[in-house]
Amino acid sequence: MAVERAYWLAWSHISGIGPILVQRLQQHFGTLKTAWEASPKQLEAVEGFGFQTLAKVVKQRSHLHPEQLLAQHQEQNPYFWTPADPEYPRLLLEISSPPPVLYYRGAVEIQENLGQIPMVAIVGTRQPSEYGIRWTRQISTALAKNGFTVVSGLAEGIDTETHATVIKAGGRTVAVLGTGVDVIYPAQNQQLYKQILNTGLVLSEYPSKTPPDRAHFPRRNRIIAGLCRAVLVMEAPLKSGALITANYANEFGRDIYVLPGRLDDYPSQGCLKLLSQGAAPILKELDELLKMLGAIPQMDFVQVSPEPQQLTLPDLSPELQKVMDVISSDYLPFDTIIQQTGMATGEVASALLQLELMGLVSQMPGMRYRRS
């Protein structure tokens with residue numbers, strides 16, 4: 001897993017290779033290290049690898065050394081995850097285009113990443129009406145006070161109202177940027193950005209110092225939708241980034257809720273379109289919305305329930321075996337496993353994830369583990 005980290009980063013540095021192609025490489029070859037060492041003929045078998053793409057890969061990877069690149073990159077961007085890391089948000093692994101590299105700043109909440117704390121997105125127009133602002137504040141407050149982490153994009157309008165309201169209500173909010181995590185856009189949100197860092201998180205797939213770019217913001221909307229089990233659209237014209245987020249949410253199988261508006265209101269036209277396509281309306285009784293959101297299942301975990309007496313453990317690496325020796329039929333807290341193995345936190349987290357994917361270990365909320 002540690003080795004793969006360098007190759008997720010390296011592939012992301014090849015021009016013309018986006019998140020979808022990197023994901024296809026990983027699925028086709030099993031590991032991105034194997035894909036990196038593959039011949040052009042072998043790469044041709046991967047969907048999307050035409051002549052021009054292959055030429056770019058052959059030319060550029062000859063000048064890149066993944067391990068060296070990782071060491072250099074970490075000097076300027078020390079805080080990032082790749083899908084090879086156990087801390088990488090698991091819900092993003094469900095989508096077809098997970099960011100190969102996801103940068104972060106702020107306060108990490110590992111249970112969010114594991115899908116155990118519910119995350120809900122609120123998006124909308126940059127020019128909301130008084131009606132849209134009022135309901136954004138009411139809904140954001142209700143979500144914050146009921147334990148939901150609220151995700152948005154730090155843009156003007158609905159996004160700004162969402163983040164600010166959640167913080168005021170004492171809740172936790174996550175901002176997904178279309179810039180580097182150290183670039184604040186729009187500039188007037190500098191104070192809000194600092195407040196988010198205190199108790200929440202800022203995420204981006206772009207490295208530090210990346211300036212705003214029109215093409216970045218639609219792409220970041222897939223991350224907003226991918227992180228969450230549900231997306232709430234407050235107000236959105238027919239041409240709106242919020243509709244792009246809703247389309248991604250629909251593609252990813254997320255729930256979509258929409259604030260209804262009047263037929264002749266320009267900011268509500270996109271919302272009315274979503275309602276006509278089957279999105280659920282947000283009604284005045286917010287208890288019903290909270291009930292529906294609370295019924296969304298937590299992250300599904302791979303579990304196997306063999307007969308204990310018939311269970312034969314496969315050959316495990318020394319690190320995995322060391323963790324497995326500690327795990328029993330009773331649930332053990334994550335901290336206890338670290339203490340009993342004497343291993344580093346990251347090593348234990350990585351080992352538990354691998355054992356869980358192998359069906360040997362089951363996890364319960366609160367990061368407690370036992371043998372499957």
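Bear in mind the structure is a predicted one, so any value in this text is a computation, not a measurement.

Caption draft 1: Broad picture of the pairing of strand 4 (residues 149–152). Side-chain alternation along strand 4 places Thr149 and Val151 on one buried face and Val150 and Ser152 on a second face that is also buried. Pairing analysis gives 3 bridges linking strand 3 (residues 119–123) to strand 4, with the strands arranged parallel. Among the inter-strand pairings, Met119 is bridged to a residue of strand 4, identified as Thr149. In this region the chain leaves strand 3, passes through helix 8 (residues 130–145) and returns to the parallel neighbour strand 4; the handedness of that crossover is right-handed. Each parallel crossover has a hand, and for strand 4 linked through helix 9 (residues 158–168) to strand 5 (residues 172–176) it is right-handed.

Caption draft 2: Spotlight on the sheet that holds strand 5. Spatially, 9 strands are ordered 1-2-6-5-4-3-7-8-9 in an open sheet, and the strand pairing comes out mixed. Edge positions in the sheet fall to strand 1 (80–81) and strand 9 (280–281), since each has one partner strand and no second. Relative to strand 7 (residues 230–233), strand 3 is paired through 4 bridges, and the arrangement is parallel. The partner of Val120 across the bridge, within strand 7, is Ala230. Across the face of the sheet, helix 10 (residues 190–199) comes into contact with strand 2 (102–106), strand 5 and strand 6 (201–204) while running at roughly 105° to strand 6. Where helix 11 (residues 216–227) meets the sheet, its contacts fall on strand 2, strand 3, strand 4, strand 5, strand 6 and strand 7, and the angle it forms with strand 5 comes to roughly 150°.

Caption draft 3: The arrangement of the pairing of strand 8 (residues 255–258) in detail. Both strand 7 and strand 8 contribute to a ladder of 4 bridges, which runs parallel. Bridge pairing links Ala230 to Asp255 in strand 8. Following the backbone out of strand 7, through helix 12 (residues 241–251) and into the adjacent parallel strand 8, one traces a crossover that is right-handed. Where strand 8 lies against strand 9, 2 bridges are found, and the strand directions are parallel. Each residue of the ladder has a partner; that of Tyr257, found in strand 9, is Ala280. A crossover links strand 8 with its parallel partner strand 9, the connecting element being helix 13 (residues 269–276), and its sense is right-handed.

Caption draft 4: Main features of the side chain of Asn221. Tracing the sequence through the fold places Asn221 in helix 11. Among residues more than four places away in sequence, those in contact with Asn221 are Gly241, Ile244, Thr245 and Tyr248.

Caption draft 5: Fine view of the pattern of salt bridges. As enumerated under the stated definition, the model contains 13 salt bridges in all. The closest approach of N and O atoms between Glu37 and Lys33, which form a salt bridge, is 2.8 Å. A relative accessible area of 31% means that Lys33 is categorised as partly exposed. Where Arg134 meets Glu130, a salt bridge forms, and the shortest distance between an N and an O atom there is 3.3 Å. Of this pair, Arg134 and Glu130 both sit in helix 8, 4 residues apart, roughly one helical turn. On the basis of relative accessibility, which here comes to 54%, the residue Glu130 falls in the exposed class. Through salt bridges with shared partners, a single ionic network connects Glu94, Arg229 and Arg254.

Cut-offs applied
- Residues numbered from 1 in each chain as written.
- Predicted model: local features only at pLDDT ≥ 70, side-chain atom pairs only at ≥ 80, totals over all residues.
- Heavy atoms only, no water.
- Buried < 20%, exposed > 50% of the residue type's maximum accessible area, 1.4 Å probe, protein only.
- Helix = DSSP H or I, 4+ residues; strand = E, 2+ residues; numbered from the N terminus.
- Pairing = 2+ DSSP bridges.
- Right-handed = clockwise from strand over helix to strand, strands pointing away.
- Contact = heavy atoms within 4.5 Å.
- Axes fitted to C-alpha atoms, helices over the stretch in contact; angles between N-to-C directions.
- Salt bridge = Lys/Arg side-chain N within 4 Å of Asp/Glu carboxyl O.

Coordinates in, geometry out; function isn't part of it.
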